[in-house]
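The residues making up each chain are set out below.
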Amino acid sequence: LEITKTAEDVNKPPLGISEELRYEVTITNTTNITAFNVTVSDTLPLDAVTYNNDYSTNPDGLGTVSGSSPLVWTIPELAGGNTAATLAITVTVKSDPDLAGQTITNTASVTGTNVFDPPGPATALVKVSWDVTTDTNVLTITSPVDGFVTDLRFAPFLHTRHTIRQHQIKSA
């Protein structure tokens, strides 16, 4: 399974208090085997944003979405062959003047079973931050295999896509 996450200032940068921020989490099954019980867990930063149950999925109505932090998107099955599904979440930055100049951090992870035979979980972790001071996005990727962390910074006007691939090793 691949997880890709983006953050976009709905009102165009720079991001300010009381403005909307849209996160998109895309899950892609890069195998040829159907993934079952795919679960995306998105830890929304509720100390900095308000979530009013404003989300959509593509394909429309795929799976169920519940909670707020973590927000959990459960997909019963995701076909193989590079099939993708996207969850779009809109939040509002709180009207707190203390948030000015702060970084908003959002973390998401994905797990699924039966991605390979024999069944077993696969997990990847992506954290997207918006550095208000430098007006840049920060993407932090943590490898579930060795814990290696990579931080990538990019300007808000760039449409950048980053991918994590997690492969599970079969049991002997």
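Residues numbered from 1 in each chain as written. Predicted model: local features only at pLDDT ≥ 70, side-chain atom pairs only at ≥ 80, totals over all residues. Heavy atoms only, no water.

## Side note on the overall build of the protein
In terms of regular secondary structure, the protein is built from 0 helices and 12 strands. Secondary structure of the protein in N-to-C order comes out as β-β-β-β-β-β-β-β-β-β-β-β. Relative to its 172 residues, the protein shows a buried fraction of 39%. Pairs at least 24 residues apart make up 63% of the contacts formed inside the protein by residues separated by at least 6 positions. Carbon and sulfur atoms form 51% of the exposed surface of the protein, whose accessible area is close to 8800 Å². (Helix = DSSP H or I, 4+ residues; strand = E, 2+ residues; numbered from the N terminus. Buried < 20%, exposed > 50% of the residue type's maximum accessible area, 1.4 Å probe, protein only. Contact = heavy atoms within 4.5 Å. Areas by Shrake-Rupley, 256 points an atom, 1.4 Å probe, with all protein chains shown as cover.)

## Digging into the packing of aromatic side chains
Under the definition given, this model contains 0 aromatic pairs. For the cation-ring pair, Lys5 lies above Tyr23, with the distance from its terminal atom to the ring centre recorded as 4.9 Å. (Phe/Tyr/Trp six-rings, centres within 6.5 Å; stacked < 30°, edge-to-face > 60°. Lys NZ or Arg CZ within 6 Å of the ring centre and 35° of its normal.)

## A closer look at the pairing of strand 7 (residues 83-93)
Burial analysis of strand 7 places 8 of its 11 residues in the buried class, the great majority of the element. As defined by bridge partners, strand 2 (residues 20-29) adjoins strand 7 across 10 bridges and the pair is classed as antiparallel. Across the sheet, Asn29 pairs through a bridge with Thr83, a residue of strand 7. In the sheet, strand 4 (residues 49-58) pairs with strand 7 via 7 bridges, with the strands oriented antiparallel. What sits directly across from Tyr55, in strand 7, is Ile89. (Pairing = 2+ DSSP bridges.)

## Quick notes on the side chain of Thr26
Here Thr26 lies in strand 2. Separated by 3.0 Å, the side chains of Thr26 and Thr86 make a polar contact. (Polar contact = N/O pair within 3.5 Å; in protein donor to acceptor, adjacent residues only side chain to side chain.)

## Remarks on the environment of Thr107
For Thr107, the position within the fold is in strand 8 (residues 103-113). Residue classification places Thr107 among the partly exposed residues on the basis of a relative accessible area of 22%. When the C-alpha atoms of Thr107 and Lys5 are compared, they prove to be 9.1 Å apart, with 102 residues separating the residues in sequence.

## Considerations on the pattern of salt bridges
Throughout the structure, instances matching the rule amount to 2 salt bridges. Between Lys5 and Asp42 there is a salt bridge, and its shortest N-O distance comes to 2.9 Å. Residue Lys5 is found in strand 1 (residues 2-9), and its partner Asp42 is found in strand 3 (residues 35-43); the two are separated by 37 residues along the sequence. For Asp42, a relative accessible area of 0% corresponds to the buried category. Arg22 is the salt-bridge partner of Glu24, the closest N and O atoms lying 2.7 Å from each other. (Salt bridge = Lys/Arg side-chain N within 4 Å of Asp/Glu carboxyl O.)

## A short note on the confidence of the model for the protein
Close inspection of predicted coordinates is inappropriate in any region flagged by low pLDDT. This prediction gives the protein a mean pLDDT of 76; 66% of its residues lie at or above 70. Between residues 156-172, whose pLDDT stays under 50, and residues either more than four places distant or in other chains, the model counts 39 contacts. (pLDDT = per-residue confidence, 0-100.)

## With respect to the nonpolar core
Counting 29 residues, the largest nonpolar core has Tyr23, Ile27, Val38, Trp73, Ile89 and Val91 as its most contacted members. Among the secondary structure elements, those contributing two or more residues to this core are strand 1, strand 2, strand 3, strand 4, strand 6 (71-78), strand 7 and strand 8. In terms of residue count, strand 7 provides more of this core than any other element does, 5 residues in total. Leave out the neighbours within four places in its chain, and Val91 touches Glu19, Glu20, Leu21, Tyr23, Leu44, Val49, Thr50 and Tyr51. (Core = buried A, V, L, I, M, F, W, Y, C linked by side-chain atoms within 4.5 Å.)

## Quick notes on the side chain of Asp9
If you trace the backbone, Asp9 turns up in strand 1. Of note is the side chain of Asp9, whose polar atom sits 3.1 Å from the backbone nitrogen of Asn11. Here Leu15 takes part through its backbone nitrogen, which lies 3.2 Å from a polar atom of the side chain of Asp9.

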